[in-house]
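Take a look at the letters that make up each chain.
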Amino acid sequence: MIYPILAYGAYLEPAARKPRVYLHGYNEAKAKILSDIEVMFEQIHTMENYFLSEKVICARLEPDLDLKHSAALITSISAHMKCLGWKTYSCTTIDGNQSARLYFIRTTDQGIEDLRKTLISGEKDSDADWKKHISSFHSLDFLTPEERIIRMSEKWKSGIVKMHLHPMGKDSENALNLLYESSGISKSQTKIFRCHNGSIVIRAKCTRDDIERIKFPKISSFYAKCT
């Protein structure tokens, strides 16, 4: 005989939701983002030959603060911003390294400036939802050299590498040319696959030296997986 789930005095009790703990108040979080923006602009101006008109910046959330629509709220303030997706990253906290969510945002200098002006003006300081989401961000920056290369062990010398370019719109060809120029990899040694969302996958046989050359230049839309 089949009995219903709720039988013999059984009952359901809603699971207790873990309260979100914000590590920073709104003013502190806002000041941190403004500081991050200054650092990004300094990097862009210092290495302008390695940045295209469109960039991909990383909006990193604090651990356990994966608020829905956080990136959408940020990008809504500028027509020059678009969220491309997300991945997890390792966030250093007082409790050690923890996993958190990183959003990729395609933007321009104007988009970054629009965000800065919005924060400086204080026009959203009375918006509770805005303040909550801003307080959930750990930082705004670019991928680090270590994050650009995935699965490259100390023993890895050469092999097939999948290089990924985020959707860059009109700057796609320029991004490809910058990648070839930085790495020294010949176009004839690569196979290119264009995805429906505008991203580009490049397969190429590379050496460790090739990878090291593309590890540090600020091609902000790029990362690679070694096999």
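Here the structure is shown first, and the text comes after it.
Residues numbered from 1 in each chain as written. Predicted model: local features only at pLDDT ≥ 70, side-chain atom pairs only at ≥ 80, totals over all residues. Heavy atoms only, no water.

(A) Just the overall build of the chain, in detail. Along the chain, the regular secondary structure elements total seven helices and nine strands. Within the chain, buried positions represent 46% of all 227 residues. Long-range pairs, those at least 24 residues apart, make up 79% of the contacts in the chain between residues at least 6 apart in sequence. (Helix = DSSP H or I, 4+ residues; strand = E, 2+ residues; numbered from the N terminus. Buried < 20%, exposed > 50% of the residue type's maximum accessible area, 1.4 Å probe, protein only. Contact = heavy atoms within 4.5 Å.)

(B) Focus on the packing of helix H6 (residues 172-183) against helix H7 (residues 208-215). Two numbers describe how H6 lies on H7: the axes approach to 8 Å, and their chain directions differ by 125 degrees. Considered as vectors, H6 and H7 are oriented oblique to each other. Remark: the crossing between H6 and H7 carries right-handed chirality. Facing H6, whose interface residues are Leu179, Ser182 and Ser183, H7 presents Asp210, Arg213 and Ile214. Taken together, the residues of the contact of H6 with H7 sort by class into two nonpolar, two polar and two charged. (Axes fitted to C-alpha atoms, helices over the stretch in contact; angles between N-to-C directions. Parallel < 35°, antiparallel > 145°, perpendicular 65-115°, else oblique. Left-handed = near helix turned anticlockwise from the far one by under 90°. Nonpolar A, V, L, I, M, F, W, Y, C, P; charged D, E, K, R; others polar.)

(C) Quick look at the sheet that holds strand E8 (residues 200-207). One open sheet accounts for five strands, arranged E5-E9-E6-E8-E7; its pairing is mixed. Two strands bound the open sheet, and with one partner strand each, they are strand E5 (149-150) and strand E7 (190-194). Alignment of E5 against strand E9 (residues 222-226), held across two bridges, turns out to be parallel. If you follow isoleucine 150 over to E9, its bridge partner there is lysine 225. (Pairing = 2+ DSSP bridges.)

(D) Geometry of the nonpolar core. Val161, Met163, Ile202 and Ile211 are the most contacted members of the largest nonpolar core, which totals 31 residues. Only strand E1 (54-61), strand E2 (82-93), strand E3 (96-108), strand E6 (158-165), H6, E8, H7 and E9 provide two or more residues apiece to this core. Every residue in contact with methionine 163, bar those within four places of it in the chain, is listed here: Leu179, Ile185, Ile200, Val201, Ile202, Ala204, Cys206, Ile214, Phe222, Tyr223 and Ala224. Tyr26, Phe51, Tyr103 and Phe137 belong to the second-largest nonpolar core, a separate cluster that totals 26 residues. (Core = buried A, V, L, I, M, F, W, Y, C linked by side-chain atoms within 4.5 Å.)

(E) Just a positive patch on the surface, in detail. On the surface, a cluster of positive charge is contributed by Arg151, Lys162, Lys191 and Arg203. Secondary-structure assignment places arginine 203 in strand E8. (Patch = residues over 30% accessible without salt bridge, like charges linked within 9 Å, V, L, I, M, F, W, Y side chains within 5 Å. Areas by Shrake-Rupley, 256 points an atom, 1.4 Å probe, with all protein chains shown as cover. Salt bridge = Lys/Arg side-chain N within 4 Å of Asp/Glu carboxyl O. Lys, Arg positive; Asp, Glu negative; His and termini not counted. Charge placed at Lys NZ, Arg CZ, Asp CG, Glu CD.)

(F) Quick peek at the sheet that holds strand E4 (residues 137-141). Pairing within the open sheet is antiparallel, and its four strands lie in the order E2-E3-E1-E4. Two strands lie at the open edges of the sheet, namely E2 and E4, each paired on one side alone. Taking the axes of each pair of neighbouring strands and ignoring which way they run, one obtains an average angle of 25 degrees across the sheet. Bridging between E2 and E3 involves 11 bridges; their strand directions are antiparallel. Note that in E3 the partner of tryptophan 86 across the bridge is tyrosine 103. Running over the sheet, helix H1 (residues 26-46) touches E1 and E4 and is turned about 15 degrees from E4. Along the sheet face, helix H3 (residues 109-121) touches E1, E3 and E4 and points at about 115 degrees away from the line of E3.

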